[in-house]
Amino acid sequence: MRRILIIVFACLTFFSISSVANAQVPGIVTGVLVEYPECVGESCSFVQASCSWAAVTGVASYNYVITEVDTSTQIQTATVDTSTLRVVFPVTQEKTYKCDVFATNSSGQSGGIGTHSLLCSAEGLLDPTVTVAPPIVGPTSTRIPTKPPIEAPGIFTNTVLILGGVMIIIIAGLALILL
């Protein structure tokens, strides 16, 4: 019986050490992005921002730290499950916030840190309460048809007219003389 317990213990120890040794260390979390203001649909909050990141395969959880950069104060820190890829945190106007995110596998091994920072400033942002007036449409106009322009006679046409006029004068003069 003692041998069986030793064999079982040895097998359990071997497999637990093997599984821990074979666990893959998560990669760096990518796509980390701090966004300000925090908007849901068309409603935006200028006292909150969000931090989001891309999913990493083969991880058990994500750890994030939100830091107010100017004072190095940690605003928010937590461990979240893999279904959470975005968190919201409070901000103060004209302060810079940094979001650091890293993934942890089921063995507790952590991957590289993805990071992003942003100055949370409403200056230059559009006021979401301002409504834009529709463009002014002028009166509808009816197009007036135009005649094609009369072109000036060319050199050949002018010559024919002059010669025709001269011929009429000569014939009329001859007719007067002969009569």
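Structure: above.
Residues numbered from 1 in each chain as written. Predicted model: local features only at pLDDT ≥ 70, side-chain atom pairs only at ≥ 80, totals over all residues. Heavy atoms only, no water.

Re the sheet that holds strand β8 (residues 95-104)
- If you walk across this open sheet you meet the four strands as β6-β5-β8-β9, and the pairing is antiparallel. Both edges of this open sheet fall to β6 (73-81) and β9 (114-120), since each of them pairs with a single strand only. Across the sheet, the mean angle from the axis of one strand to that of its neighbour is 15°, orientation sign disregarded.
- Of the pairings in the sheet, the one linking strand β5 (residues 61-68) to β6 comprises eight bridges and is antiparallel in character. In the strand pairing of β6, Ile66 is matched with Gln76. (Pairing = 2+ DSSP bridges. Helix = DSSP H or I, 4+ residues; strand = E, 2+ residues; numbered from the N terminus. Axes fitted to C-alpha atoms, helices over the stretch in contact; angles between N-to-C directions.)

Structural notes on the pattern of salt bridges
- Tallied over the full model, the rule gives two salt bridges.
- As a salt-bridge pair, Arg86 and Glu38 come within 2.5 Å of each other at their nearest N and O atoms. You can see Arg86 sitting in strand β7 (residues 86-90) and its partner Glu38 sitting in strand β2 (residues 38-40), a full 48 residues away along the chain.
- Classification of Glu38 as buried rests on a relative accessible area of 6%.
- Where Asp100 meets Lys98, a salt bridge forms, and the shortest distance between an N and an O atom there is 3.6 Å.
- Given a relative accessible area of 16%, Asp100 falls into the buried group. (Salt bridge = Lys/Arg side-chain N within 4 Å of Asp/Glu carboxyl O. Buried < 20%, exposed > 50% of the residue type's maximum accessible area, 1.4 Å probe, protein only.)

Things to note about unusual backbone geometry
- A cis amide bond, omega -5°, links Tyr36 with the succeeding residue Pro37.
- Within the fold, Pro37 resides in the loop between β1 (33-35) and β2.
- Phi at Ser72 is positive, roughly 60°, even though this residue is not glycine.
- Of the residues examined, Ser72 reaches a relative accessible area of 60% and is grouped as exposed.
- Positive phi, close to 65°, is recorded for Glu94, a residue that is not glycine.
- As for its placement among the helices and strands, Glu94 is situated in the loop between β7 and β8.

Focus on the packing of aromatic side chains
- Applying the stated rule across the entire model yields four aromatic pairs.
- Aromatic side chains Tyr36 and Phe46 sit 6.1 Å apart centroid to centroid with 80° between the ring planes, which places their arrangement in the edge-to-face category. Of this pair, Tyr36 sits in the loop between β1 and β2 while Phe46 sits in the loop between β3 (43-45) and β4 (48-52), placing them 10 residues apart in sequence.
- Classification of Phe46 as partly exposed rests on a relative accessible area of 26%.
- Members of the aromatic cluster, joined through ring pairs, are Trp53, Tyr62 and Tyr64. (Phe/Tyr/Trp six-rings, centres within 6.5 Å; stacked < 30°, edge-to-face > 60°.)

Observations concerning the sheet that holds β1
- Pairing in this open sheet of three strands is antiparallel, and the strands run β1-β4-β7 from one edge to the other. The open sheet is flanked by β1 and β7, the only strands paired with a single partner. Pairs of neighbouring strands in the sheet enclose a mean axial angle of 25°, with direction left out of account.
- One ladder, built from five bridges, connects β4 with β7; its direction is antiparallel.

Some words on the state of the cysteines
- Here the structure, examined in full by the defined rule, presents two disulfides.
- Each sulfur in the disulfide pair Cys39 and Cys44 lies 2.0 Å from the other. Disulfide Cys39 to Cys44: torsion about the S-S bond roughly 110°, handedness right-handed.
- Exposure remark for Cys39: the relative accessible area of 32% places this residue in the partly exposed category.
- Note on Cys44: relative accessible area 29%, which makes it partly exposed.
- Between the sulfur atoms of Cys51 and its disulfide mate Cys99 the distance is 1.9 Å. Looking down the S-S bond of the Cys51 and Cys99 bridge, the torsion is -80°, so its handedness is left-handed. Of this pair, Cys51 sits in strand β4 while Cys99 is found in strand β8, placing the two residues 48 residues apart along the sequence.
- When the cysteines of the protein that form disulfides are numbered from the N-terminus onward, they connect as 1-2, 3-4. (Disulfide = S-S within 2.5 Å.)

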